Amino acid sequence: MHFLLLDNVHAENKAALTETLQEWAKGETGFADARLRVLARAHGMPVCTVNAGDFPGVRNSFTRGPANGQHPTRTEQAPGTERQSHEGSVTG
């Protein structure tokens, strides 16, 4: 991955991209989950996912729906889980 250090390779955050590729290369997760995990840790933000096991070491802002444990449908949201701006969490 030393090619990422070349001046003619442009990325918003080469360190985060390198870390993402290293995690992805382990073969334990897909690229998107690795990227979300790295970005969440780098920015100190939670992810919002039902697959908390895919994001070890990252806070998860997902909460279950009504008392029956079912997920809210698209038209029905659990009280207090109204969708907020993307500033609140990284979704996955």
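Structure first, text after, so check above.
Only a predicted model underlies this, so the values are computations on that prediction, with no experimental measurement involved.

About the thresholds
- Residues numbered from 1 in each chain as written.
- Predicted model: local features only at pLDDT ≥ 70, side-chain atom pairs only at ≥ 80, totals over all residues.
- Heavy atoms only, no water.
- Helix = DSSP H or I, 4+ residues; strand = E, 2+ residues; numbered from the N terminus.
- Buried < 20%, exposed > 50% of the residue type's maximum accessible area, 1.4 Å probe, protein only.
- Contact = heavy atoms within 4.5 Å.
- Areas by Shrake-Rupley, 256 points an atom, 1.4 Å probe, with all protein chains shown as cover.
- Axes fitted to C-alpha atoms, helices over the stretch in contact; angles between N-to-C directions.
- Parallel < 35°, antiparallel > 145°, perpendicular 65-115°, else oblique.
- Left-handed = near helix turned anticlockwise from the far one by under 90°.
- Nonpolar A, V, L, I, M, F, W, Y, C, P; charged D, E, K, R; others polar.
- Phe/Tyr/Trp six-rings, centres within 6.5 Å; stacked < 30°, edge-to-face > 60°.
- Expected span 1.5 Å × (residues − 1).
- Salt bridge = Lys/Arg side-chain N within 4 Å of Asp/Glu carboxyl O.

(A) Layout of the overall build of the protein. From N to C terminus, the protein includes two helices and two strands. The N-to-C order of helical and strand elements in the protein reads α-α-β-β. A total of 92 residues make up the protein; the buried ones form 23% of that total. Sequence-distant contacts, at least 24 apart, represent 20% of the contacts inside the protein between residues at least 6 apart. Split by element, the accessible area of the protein, about 6,800 Å² in all, is 52% carbon and sulfur.

(B) Region of interest: the packing of helix α1 (residues 14-25) against helix α2 (residues 31-43). Following both chains from N to C, one finds α1 and α2 inclined at 135 degrees, their axes separated by 9 Å at the closest point. Put simply, α1 runs oblique to α2. Seen from above, α1 lies across α2 with right-handed handedness. Between α1, through A16, L17, E19, T20, L21, E23 and W24, and α2, the contact on the second element is made entirely by F31, A34, R35, R37, V38 and R41. Considering only residue class, the contact of α1 with α2 consists of seven nonpolar, one polar and five charged.

(C) Representation of the packing of aromatic side chains in the model. In the structure shown here, the tally under the stated rule is one aromatic pair. Summarising the aromatic geometry, the rings of W24 and F31 are spaced 5.4 Å apart at their centres and angled 80 degrees between planes, so their arrangement reads as edge-to-face. We classify W24 as partly exposed; its relative accessible area is 42%. For F31, a relative accessible area of 35% translates into the label partly exposed.

(D) Spotlight on the environment of V38. Its place among the elements puts V38 in helix α2. C-alpha of V38 to C-alpha of E23: the two residues are 15 residues apart in sequence and 8.7 Å apart in space. In contact with V38, not counting residues within four places along its chain, are A16, E19, T20 and E23.

(E) A look at α1. Taking 1.5 Å per residue as the helical rise, α1 with its twelve residues ought to reach 16 Å, and the 16 Å between its terminal C-alpha atoms agrees with that figure. Against α2 lie the buried residues of α1. Count one or two residues on from α1 and you reach G27, which has phi positive near 80 degrees.

(F) Looking closely at the pattern of salt bridges. Counted under the stated rule, the structure contains three salt bridges. Put simply, R37 and E23 hold a salt bridge, and the shortest N to O gap is 2.6 Å. Of the two residues, R37 sits in helix α2 while E23 sits in helix α1, which places them 14 residues apart along the sequence. With a relative accessible area of 7%, R37 lands in the buried category. When its relative accessible area of 11% is taken as the criterion, E23 is described as buried. Members of the salt-bridge network, linked through shared partners, are E19, E23, R37 and R41.

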